[in-house]
Amino acid sequence: ESLGDAAPANQREVVDKIIEHLSVHAAVEEQAFYPLAGRDPDATDEVLEGLEEHHVLKWTLAELEELAPTHERFAPKMRVLIDFLVGALQSQAQ
């Protein structure tokens, strides 16, 4: 839930795993799911929205990859990422 109490090395390890897994997830969706879903004219808006969400996700992951866990923007950026993911999961569940 919170990385704030963990040592910076442990924070880096956890965030690197998050980056790895989310990057794989996004790539699979972009290469397999979205092209198939995009064939349905009724799904065009959802596919385009998903691609934009992935763009924001990849941008945030790239920034996190470059930040040290001790950087003042590291924890806030992680909180924003978590909020973004929770929102995406909730919208997919609807």
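Residues numbered from 1 in each chain as written. Predicted model: local features only at pLDDT ≥ 70, side-chain atom pairs only at ≥ 80, totals over all residues. Heavy atoms only, no water.

**Structural notes on the overall build of the protein chain**
Rules: A helix here means a DSSP run of H or I that spans at least four residues, while a strand means a run of E at least two residues long, and both kinds are numbered starting from the N terminus. Here's how the labels work: a residue is buried when its accessible area is under 20% of the maximum for its type, exposed when over 50%, partly exposed in between, all with a 1.4 Å probe on protein chains only. For accessible areas, the Shrake-Rupley method is used with a probe of radius 1.4 Å. Any residue's cover is judged against the shown protein chains and nothing else. Residues scored as charged are limited to Lys and Arg (positive) and Asp and Glu (negative), so that His and the chain ends carry no count. Here the site of a charge means NZ on Lys, CZ on Arg, CG on Asp, or CD on Glu.
Secondary structure summary: the protein chain contains three helices and zero strands in total. Summarising its shape, the C-alpha atoms of the protein chain cover approximately 50 × 25 × 15 Å along the three principal directions. Going through the 94 residues of the protein chain one by one, you find that 26% of them count as buried. Total accessible area on the protein chain is roughly 6,800 Å²; 56% of this is exposed by carbon and sulfur atoms. Considering the protein chain, the positive charge centre built from 7 side chains and the negative charge centre built from 19 side chains are found 6 Å apart.

**Things to note about the side chain of Lys77**
For the record, the criterion: Two residues qualify as a contact provided that any one of their heavy atoms is within 4.5 Å of a heavy atom in the partner residue.
Residue position: Lys77 is located in helix H3 (residues 74–93). Aside from chain neighbours lying at most four places away, what touches Lys77 is Thr60, Glu63, Leu64 and Leu67.

**Describing the packing of aromatic side chains**
Heads up, the condition is: Planes of paired rings set the category: under 30 degrees apart is stacked, over 60 is edge-to-face and the rest tilted, where pairs are Phe, Tyr or Trp rings (Trp by its six-membered ring) whose centres lie within 6.5 Å.
Using the criterion set out here, one finds one aromatic pair in the structure. Centroid distance Phe33 to Tyr34: 5.5 Å. Interplanar angle 55°. Geometry classified as tilted. Judged by relative accessible area, Phe33 falls into the partly exposed class, the value being 48%.

**Side note on helix H2 (residues 44–66)**
Owing to its 3.6 residues per turn, the α-helix brings residues three or four apart onto one side. The cut-off we apply is this: The length a helix should cover is 1.5 Å for every residue beyond the first.
Taking 1.5 Å as the rise per residue, H2 with 23 residues should run 33 Å; its terminal C-alpha atoms sit 34 Å apart, in good agreement. Regarding H2, the residues found buried are Val47, Gly50, His54, Leu57, Thr60, Leu61 and Leu64. Along its buried surface, H2 packs onto helix H1 (8–37) and H3.

**Points about the packing of H1 against H2**
The test is simple: A fitted line through C-alpha atoms serves as each axis, taken over the contacting stretch for helices, and the angle formed by two N-to-C directions is quoted from 0 to 180°. Orientation categories follow fixed angle ranges, with anything under 35 degrees roughly parallel, anything over 145 roughly antiparallel, 65 to 115 roughly perpendicular, and all other angles oblique. For any helix crossing, the convention is left-handed if the near helix is rotated counterclockwise from the far helix by under a right angle, and right-handed if that rotation is clockwise. Polar here means any residue other than Ala, Val, Leu, Ile, Met, Phe, Trp, Tyr, Cys and Pro, which are nonpolar, and Asp, Glu, Lys and Arg, which are charged; Gly is therefore polar.
It is at 10 Å that the axes of H1 and H2 come closest, and there the two elements cross at 155°. What the angle tells us is that H1 and H2 run roughly antiparallel. The crossing of H1 and H2 is left-handed. Of the residues in H2, those touching H1 at Arg12, Val15, Ile19, Leu22, Ser23, Ala26, Glu29, Glu30, Tyr34 and Ala37 are Val47, Gly50, Leu51, His54, Leu57, Lys58, Leu61, Leu64 and Glu65. Each residue belonging to the contact of H1 with H2 can be placed in one class, and the counts come to 11 nonpolar, three polar and five charged.

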